[in-house]
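Chain by chain, the residues:
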Amino acid sequence: MAAAQTDRDPPSALCSEFLNFSAKDTASRWLAAADLQQEVYHHLSVYVPRIFCLGPRMGGSSREEQREELATQLLLLAPLEWLLLGEEPAAGLALLQEKNQPSPLCGHVFKVGEPTYSCRECAADATCVLCMQCFLGSVHKDHRYRMTTSGGGGFCDCGDAEAWKEGPYCEKHTPADGSRDLEEDPVAQLSSDMVARGYSIFSIILKYAVDMLTWEQEDQLPAGLEPQGKGDTYYCMLFNDEVHTYEQVIYTLQKAVNCSQKEAVSFATTVDRDGRKSVRYGDFQFCEQAKSVIVRNTSRQSKPLRVQVMHSSVVAHQCFALKVLSWLGQIIQYSDGLRRILCQVGLQKDPEGENSSFVDRLMLNDSKMWKGARNIYHQLLMNSLLMDLKYKKIFAIQFAKNYRRLQTDFMEDNHERVVSVTSLSVQLFTVPTMSDYVKDDHDREFSITDLSVQMFTVPSLGRMLMVEENLMTTIVRTFVDHLRHRDLQGRFQFDRYTAQQAFKFGRVQSLIGDLKYILISPPSDWTHQLRTKFLEGFDAFLELLKCMQGMDPVVRQVGQHIEMEPEWEAAFTLQMKLTHIISMIQEWCSTDEQVLIEAYKMCLSALSHCHSGLPDGEQPISLSLAGHCVDTFRYQVSQDKVSIHLPVCRLLAGLHVLLSRTEVASHFPEQLPLGELSPHLLIELPLRCLVLCAQVHAGMWRRNGFSLINQIYYYHNVKCRVEMFDKDIIMLQAGASMMDPNHFLMIVLSRFELFHVFSSSDIRKRYREANKDLVQQNTLIEEMLHLIIMIVGERYVAGVGQVEPFDEVRREIIHQLSIRPMAHSELVKALPENGNKETGLERVIDSVASFKKPGVTGRGLYELRPEWNKHFNLYFHHYSRADQSKAEEAQRKLRRQNGEDTALPPPVPPQLCPLFGSLVNLLQCDVLLAVEGAVLQWAVEPGGGGWTESMLQRVLHLVGMALLEEQQQLESSSRDDDITFNYTCKITRPGEAPSTSGSVLALLESLQNAPHLEVHKDMITWILKMVGNIKTIRERTSLTSTVTINQGQGPEETVRDKDKAERKRKAEMARLRREKIMAQMSEMQKHFINENKELFQQSMEELEASTSAAEHSPSSSELTCTSQVCVGPRRVGGAERRQLVTCILCQEEQEVRCQGRAMVLAAFVQRSTVLSKNRHRSLPAPERHDPLFMHPDLSLGIHTASCGHIMHATCWQRYFEAVQLKEQRRQQRLRGHTSYDVENGEFLCPLCECLSNTVIPLLPHTHTPDHSADHPSLEAWLKTTRQQIEAVNSAHRKPSEGASEGAEPEGFRATLSPQMLFSSSVSEMVTTFSMSAYKVGLKVNPNEQDQRVPVLSWSTCAYTIQSIERLLMDEGKPLFGSLPCRQDDCLSSLTRFSSACWTSAPLKTVHTHFIRLFSALLPDSQVEDTPCILDIDMFHLLVYSVLSYSALHSPDQSGHSFVDSGHLHLLHLITVAHLVQILLTSITEEVCMDQDSGGSEEEELTCQLYSTLRKHLGSVLPEVSSGWQLWSCVKLGILPFLRAAALFFHYLNSSVPPADLMVAGPGQWEALCSYLSLPSNLLLLHQSQHTLLEPLIHRWCCHPGVRRTLQGGGVLVRFPRESNRLIDLPEDYSILINQASSFTCPRSGGDKSRAPTLCLVCGSMLCSQSYCCQTDVDGEDVGACTAHTFTCGAGVGLFLRVRESQVLFVAGKTKGCFYPPPYLDDYGETDQGLKRGNPLHLCTERYEKIERLWRQHGIAEVIGHAQEANQTLVAIDWQHL
Ligand SMILES: [Zn+2]
Ligand SMILES: [Zn+2]
Ligand SMILES: [Zn+2]
Ligand SMILES: [Zn+2]
Ligand SMILES: [Zn+2]
Ligand SMILES: [Zn+2]
Ligand SMILES: [Zn+2]
């Protein structure tokens, strides 16, 4: 590397040249030169290598970049600007801009992730988009719009009149004078001088840039650019490809260039982003060496990575070429004239010939350039050619000319796809479903071919390219060329596809996209040329379809299962991709009669070409049944080849429908080859396909594996069915309408291999003959009947039936909603989308359904309105079997509820179009009647399993359809001879041979009361009634005279009917009642079982005051006479109550006693920053941190929660050991995490599976003190306490002498050996919980000797109480009685535990803590490092000192009242300290505006205290004289403290709360004060002990920390501390997307972040899920989110993944889950993944729910439950997010 140093300009030399260089002079020298290009080139050859690429880093550091930037501007660009403008550039450009008349196009180029908007109502197609600015200023913001995030590239279509049906301009881009001629040449605006200079400069620069970017020499430069002295300085340049993974590249680089993992990651990231990166700098040898290592290391399995050793000057010129292209892009922004000049220069053809313009050269070399270069020049193309309407056309033609070659290059190019960080665990999020498989790929993002959307979708351009460049044909041919694998018949062959080919296939698909673009809007008027070219393209397209017809054929596997599943996805992907194209082509055809006729003819001849080989070799046979005969050939789906791919047939079916719909068939019958159609051939292949499906359903193809199952699935699936299943049905309809219905049905029977079943003379023979597989045969009969139902009944296609597309969609919706109410997105998924991703749903939905809004969970649902139920068709062709049975059940239930019969007769169908009119005859033909008769006959004589109820049900449906048809014909025709339909007459005829049974009607009548057919009774009744009705109508029409008689019969009948209906209704009511009672009983039973469990699982919101209030009420009634006090010697304890609890594991009851068996409560301890007022404070170093004084900013606390479930300690230990063992075994079997981390002591509560990590021991209540004992005054107490401290100190100094020395006050024990209070089992549990709090709180390993152990137990007690107090306050709930049991139990056991936790620590430790705590109140010269009172949270101080004070005293009965007095004095002292603290910090001048005189006593006293403080501190405090203001400030500030203290003493002393505090409302203050034994005028505390407290206050104020903090030297916390909330989110989600799109990765120099993620706690935006922002946390690299949780949330985090619209919860390094976002669309649904694109708005309720979850410390628990419920979440590497 050293070799490089010698021949390089030291940077300082360049600096001096800076100063001497004059851009103006250089420009004028150039202007005078004879050969401008030579001069410029010379200049570049001198300076470029001295500015760029001077060292190994290639502009890596920001300083280097700045220097480069500056030098480029001054030395290289400035002269060019002078030359172009002829004056000082800044002034010149301003002038240009001023004179410019900008085009109305917005042209804003989208960044990756930026929101784009499309109007569903006005956009010409889905590719027309607006940028956010334009959208907000457009009319579309009030329309139905769609929002997506851009994949980068592409620009805003605002101002393009062709892109929008309405409102093409936003406010900003509306042309000022609408009349301005757009054809006017903008160049005319410029001076001729400038035009001339522009041409010459632009051509020189473009030539230079194109030369350099397409330069392939590694060591040489183009003529004129060779530097004078060429040093031996080279770069080893690594290029990206898509073969090698990130990991491979990183590994190889570490080896080859000997760099660290971090550097290698950075290299790999840059290669991925820019397409290339130099990985080594030095002499040639040095670089060659690295190259050979890389090549060697990567060539083993695949093509090696591409590496070049390039001379530094070559790289330097390439760098500048990119800069100068960007510069051009900027310059032309100032003037449309210059833009036009650039376009002209760019497209100017060299006389050399074809493809010689600069743009051509760039385009044709596109695939050879690296990604960074492509990006820059694509940007320039967008800024120039595509922004200029005139040149856009010329460019488009050029592009179309080169189309084939570009696509071919693109296909061969393998340096593209985004090989990237996406490989980092993203795979885990996306289950590879089919939908992902066919998802639009972004491969083209960086290829020139990507520009096609900008041109092809402009209707006028697209059409011009089609006409002039024959683009459609070109695209189709290019496409076909690239799919080279064919079988012998010339069909595509995908089944032996290798990975490489599959990849190319993926590329090829982008061609389909282009085809879609040019077809996206059908023409309104056709020219002769357009017809010709379209039909030419259609012909090419037919060739493509011919290659697909019959591909991937299958043969039924008998005997063995197939060995290898054949490939099927490729073929279906192709089919899916083409689906829209085929539909579009049909749409084009429908707009012109001539085109339609020609296309039909072409398609027909293509089909006969496909059929040419068909019947050959298949022997003709003759079938006869029911007196009819037909010839067909022998073919069996179950034995011969069959293919599911029949696109040619299906296209013909589509065109056939169009003939009918557009009435071309009836207008121009002579032009159509209808006579040539052979219906037998038309139906053959679709019929085979449908028989295949039936046989698969019948289980005949089981041995063919999943490949076939999948194909059948997609054949019916909404993505494919429009051009597969639906068209096959249409083709059968078309065929049947052209044939004798008996012949048609006989062929159907024969293809279903069922002919013999119905033709044999004795139908019963079938039982004997069909013994092999009766079930299969039954299924086949069912399927066949279903098919007949569909062929006759499916008329909701415009052209088949007399309907509009509107009706078709409506029918789909009705049938979806008949299954159950559905969300909008579910409906969308169930409907086929057109090319614009529209389903037509919106136009219809409100007419058939009503919308039900969602609650806080769930989503909005649409419900079918009852009046549409009569349109329900049980045999709706798009129902799957599961759908069908669900719908049937739902509909029957509904009818029962309405008291109706349960018959589900067919709905009245729409009329058929004339072309399909004869279809109805199927219903009354002899063969069908024979089939119906046979099935009914089997049903009459059941037994032997030869028939099924479904079979019967289908036959009844067919009968019903026939009757409806007859009724309709009768009702609509006036004369009898119109009526061709006489089904009722036919069914009265007795069966003919071979079936010797009775007539169909007779059979039905005999079935009506068959006991085994109860279910179908209603349907048969309906049929018989219909028969009666029809008879009546017939009689009426034939004999007009009888009309009156008929009418006379009417009422009688209705009376009878009414009677019957009434009886039925009553029976129904009785049944419903029965059902209800049954349901209630079973509900009660269930309830009984779940009772215990549910009791505890109820969530916080649900469980209101009731339970815990109930617990308290009896005791409160006992004690109503005494005023309740919770602290001090007058308090009332709760020890009288015995505590009996039950162990959830062994169900034994146990009393809680000190000496008994320990009982524990499952609990979860976690660090928390929820209350933090200072998220910037860095977390303390665990080893040195002193937690004794909590800072009032509460930056880090320890929270404890519990589900309230109690166990024996021993039972729990056994359970936990079992969990551990299980985990060990599991880990041996498979890697990965569980939802809980056993190593950290985590487990799930055995009852409710709540995440827990420790247990809290249960301890008994304290005793009530002796109320007769006297209460020492504060003065006396202080004195005693001082003595005690002395005694303790001396005792600790001389431990050997024990406690006997000195004056030891009563009840006090300075002994060092604590008395054993608890049984060993209890004290063991005390230690267990102490250790958990210690371990979690400090993040250290357990150490029982550590002095800090008890402090952390006290700390979690104080913090948990504080956080619960805040929640109650903010939710407006009363202080007592509103907590759910589990929290009440948790706080009570936690507090009592904390009061006893000192027993597990050495007494000396506890004494020392108390002495230090006490010194904060009474400054003690012997104690060092006492914080000032502004740095102490007073509630924590209270809890700690009260709890440690107890430890100082003998815990036996005697000392109790003394301890209680001490507690009271501590409370008083600390309250005064807090008053002072509040007055010092929370009084601001703004608070104290007005003055009022003569306030209450409180106000005066507050004023007095405040002035005392001002005396001590002077002007640091603002001057305030309003006592009222001061007092209200103090009162407000101290309230949280008092409330928390009341909670604390309540739980500590088990004292009953006063009634006033159990309800929200007035009187709280007084009740609170009296409960705490405080005067309601708190200032009296100070006033009454004035002399005693004055010196204390003085000393508090004189602590140097006070003055420092007040003057801004520390964190100043004001009281009351405001509750933390999650950040405010915008109402409109697109604002967030926009914010995120401008967010760049903070680590990789302005690069877009792939997964911008917002912290909901602090609002930071993070670059998640990416290598670039991984951080080392405790020796492990974690993603930005996880890293952030450690600084912002103490390990717990809530984020919003902006691109995904998904909330992310993270806890620790291994746990996380996704949570529904608080954003909903208008249909009440979230859009996780932003797939649907409906506008999203903030749902405040849902956001509040998330916030509450966070404030309740429930995130970890939610994650636990989510992971437990969904095991795949466990497998995600959450730490990488
Ligand atoms: Zn725009
Ligand atoms: Zn605009
Ligand atoms: Zn619109
Ligand atoms: Zn137990
Ligand atoms: Zn539990
Ligand atoms: Zn944060
Ligand atoms: Zn990043």
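Residues numbered from 1 in each chain as written. Chains lettered and ligands numbered in written order. Predicted model: local features only at pLDDT ≥ 70, side-chain atom pairs only at ≥ 80, totals over all residues. Heavy atoms only, no water.

**Details of the coordination of the zinc ion (ligand 1)**
Reasoning step 1: At this site the zinc ion (ligand 1) is bound by C106 (SG), C131 (SG), C134 (SG) and C156 (SG), with donor distances of 2.2 to 2.3 Å.
Reasoning step 2: Classification of the site at the zinc ion (ligand 1) as tetrahedral follows from its four donor atoms and the range of 98 to 124° in their angles at the metal.
Reasoning step 3: Each donor residue of the zinc ion (ligand 1) lies on the same chain, and together they follow the pattern C-x24-C-x2-C-x21-C.
Reasoning step 4: The distance between the zinc ion (ligand 1) and the zinc ion (ligand 2) comes to 4.2 Å, and C134 binds to both of them. Residue C106 is located in the loop between α5 (89–99) and β1 (112–119), and its partner C131 is located in the loop between β1 and α6 (132–136); the two are separated by 25 residues in the primary sequence.
Reasoning step 5: Overall, C106 belongs to the buried group, its relative accessible area being 17%.
Reasoning step 6: Relative accessible area serves as the criterion here: at 5%, C131 is assigned to the buried category. (Donors = N, O, S within 2.8 Å, 3.2 Å for Na, K, Ca; no water. Tetrahedral: all angles 85-135°; square planar, octahedral: opposite > 155°, others 65-115°. Helix = DSSP H or I, 4+ residues; strand = E, 2+ residues; numbered from the N terminus. Buried < 20%, exposed > 50% of the residue type's maximum accessible area, 1.4 Å probe, protein only.)

**Remarks on the sheet that holds strand β13 (residues 1197–1208)**
Reasoning step 1: Read across the open sheet, the three strands follow the order β13-β12-β16; overall the sheet is antiparallel. Single-partner strands in this sheet number two, and they are β13 and β16 (1254–1257). On average, adjacent strands in this sheet sit at an angle of 40° to one another, irrespective of strand direction.
Reasoning step 2: Direction of pairing for strand β12 (residues 1159–1168) relative to β16: antiparallel, over a ladder of four bridges. When the bridges of β16 are listed, V1160 appears paired with P1257. (Pairing = 2+ DSSP bridges. Axes fitted to C-alpha atoms, helices over the stretch in contact; angles between N-to-C directions.)

**Here's the deal with the coordination of the zinc ion (ligand 5)**
Reasoning step 1: For the zinc ion (ligand 5), every protein donor is listed as C1203 (SG), H1205 (ND1), C1245 (SG) and C1248 (SG), and the spread of their distances is 1.9 to 2.3 Å.
Reasoning step 2: Taken together, the four donor atoms coordinating the zinc ion (ligand 5) and their angles of 101 to 114° define a geometry best described as tetrahedral.
Reasoning step 3: Read from N- to C-terminus, the donor residues coordinating the zinc ion (ligand 5) fall into the pattern C-x1-H-x39-C-x2-C. Exposure class is identical for C1245 and C1248. Each is buried.

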